[in-house]
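Structural characterization, general
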Amino acid sequence: MGTVEKQNLILAFESSCDETSVAVIKNGHEILSNVIATQINSHKRFGGVVPEVASRHHIEQITICIEAALQEAHVTYADLDAVAVTYGPGLVGALLVGVNAAKTVAYAHHLPLIPVNHMAGHIYAARFVKPFEFPLMALLVSGGHTELVYMQADGQFEIIGETRDDAAGEAYDKIGRVLGVPYPAGKVIDEMAHAGHDTFKFPRAMIDEDNYDFSFSGLKSAFINTVHHADQIDATLDKNDLAASFQASVVDVLMSKTLRVLKQYPVKQLVLAGGVAANQGLRERLQQNLPTAFPDTELILAPLKLCGDNGAMIGAAGYVQYQHHQFGDASLNADPSLEFDWMPGMLK
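As the structure is a computational prediction, the values presented were derived from the model and not from experiment.

A separate point is the UniProt feature "binding site: Fe cation" (unreviewed entry) in the protein. UniProt marks His118, His122 and Asp309 with the feature "binding site: Fe cation" (unreviewed entry), using the numbering shown here. These annotated residues cover 192 residues of sequence, and their C-alpha atoms all fall within 8.6 Å of one another, placing them together at a single site. In the annotation above, His118, His122 and Asp309 are the residues that line the largest pocket. With respect to the helices, strands and loops of the structure, histidine 122 is situated in helix H4 (residues 118-124). Owing to a relative accessible area of 2%, histidine 122 belongs among the buried residues under this scheme.

Below you can see the structure in the form of structure tokens.
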């Protein structure tokens with residue numbers, strides 16, 4: 001313990017939803033530890049995350065995760081240079097557990113505190129693959145957000161398009177309940193989709209509209225109505241075909257909007273990040289289509305193990321703020337509705 005030389009070591013906390021995670025990150029791009037305590041089994045029977053249950057789990061797990069992260073990284077508090085923490089967006093009770101733990105560690109050990117936007121963290125998960133080159137575009141697809149984010153430099157985020165209702169990940173979980181797929185449904189539906197065919201031709205909402213926004217609530221409704229109608233007439237539908245048809249609609253819309261936005265915003269790199277970035281159907285389509293459509297734009301896929309919520313991504317995003325001395329203080333609070341342009345001290 002305590003053998004690592006000071007090399008910008010950040011202790012990073014993530015507790016915005018149903019994963020308690022603490023990581024130790026060196027120089028913003030090297031993972032020394034990334035401990036994740038998942039709560040999926042606790043929420044599975046409810047078909048989604050129950051905020052009160054999530055908060056209690058975070059309280060139970062947070063100190064265990066801190067100790068495990070330090071031990072795995074072979075460092076002590078004395079080796080650390082800063083503490084980073086997600087302070088929004090997310091579930092307010094869950095966020096508060098991480099924020100208060102991070103504030104306590106920072107205060108007790110006289111370390112600077114770095115408040116990190118959870119969505120920025122998702123983008124910076126791709127930073128572990130290779131350095132960013134600007135300008136870049138991020139397709140950010142998660143349970144609560146679907147956004148196209150333009151970055152001209154580190155820490156500069158401009159939302160070009162976003163979902164107007166259900167995010168893509170949200171839609172996966174909602175149709176998962178109809179298919180009888182346990183929460184979280186995304187991975188199983190992705191696997192089912194690969195075994196089925198797009199026979200139902202569900203709507204591709206807003207695909208031809210002159211904007212870069214998304215809408216998945218109509219797709220969700222069309223899916224549910226199709227299943228309910230079949231139930232009423234005692235017809236049997238192929239679940240794999242249903243999954244394939246649903247996923248084809250989601251991927252078509254995401255691909256169409258992304259390729260169109262790249263025409264207006266030429267970039268050096270396209271980053272795919274967020275929980276739904278683990279979707280193989282989406283990853284395959286991007287890998288197939290981007291080199292042909294935009295040969296000069298490099299595709300960076302966030303690592304599969306870092307697509308979900310984790311402390312490592314918060315450490316990577318926090319390192320950028322650390323370099324610019326953008327710190328929080330003891331007044332830092334959770335902000336469940338945090339947006340990119342509310343980040344403290346970030347360039348606009």
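Anyway, onward from the coordinates.
Note the cis peptide between glycine 88 and proline 89, where omega equals -15 degrees. Tracing the chain through its elements places proline 89 in the loop between strand E4 (82-88) and helix H3 (92-108). Not every positive phi belongs to a glycine, and asparagine 8 is a case in point at roughly 55 degrees. Within the secondary structure, asparagine 8 is located in the segment before strand E1 (9-14). Its identity as a non-glycine residue notwithstanding, histidine 325 has a phi of 55 degrees, on the positive side. Following the sequence through the fold, histidine 325 ends up in the segment after helix H10 (311-323).

Here the focus is the pairing of strand E9 (residues 269-273). Across the five residues of E9, five count as buried, placing the element largely inside the fold. The alternating pattern of E9 places Gln269, Val271 and Ala273 and Leu270 and Leu272 on opposite faces, both of which are buried. As judged from the five bridges shared by strand E6 (residues 136-141) and E9, these two strands associate in the parallel manner. Each residue of the ladder has a partner; that of leucine 140, found in E9, is alanine 273. Relative to strand E10 (residues 298-301), E9 is paired through four bridges, and the arrangement is parallel. Residue pairing across strands places valine 271 opposite isoleucine 300, the latter belonging to E10. Each parallel crossover has a hand, and the one from E9 via helix H9 (residues 280-293) to E10 is right-handed.

Rules used throughout
- Residues numbered from 1 in each chain as written.
- Predicted model: local features only at pLDDT ≥ 70, side-chain atom pairs only at ≥ 80, totals over all residues.
- Heavy atoms only, no water.
- UniProt positions renumbered as here; feature names shortened; annotations may be inferred.
- 1 Å grid on protein atoms, 1.4 Å probe; cavity = no way out; pocket = protein on both sides within 12 Å on 5 of 7 lines; lining within 4 Å.
- Helix = DSSP H or I, 4+ residues; strand = E, 2+ residues; numbered from the N terminus.
- Buried < 20%, exposed > 50% of the residue type's maximum accessible area, 1.4 Å probe, protein only.
- Pairing = 2+ DSSP bridges.
- Right-handed = clockwise from strand over helix to strand, strands pointing away.

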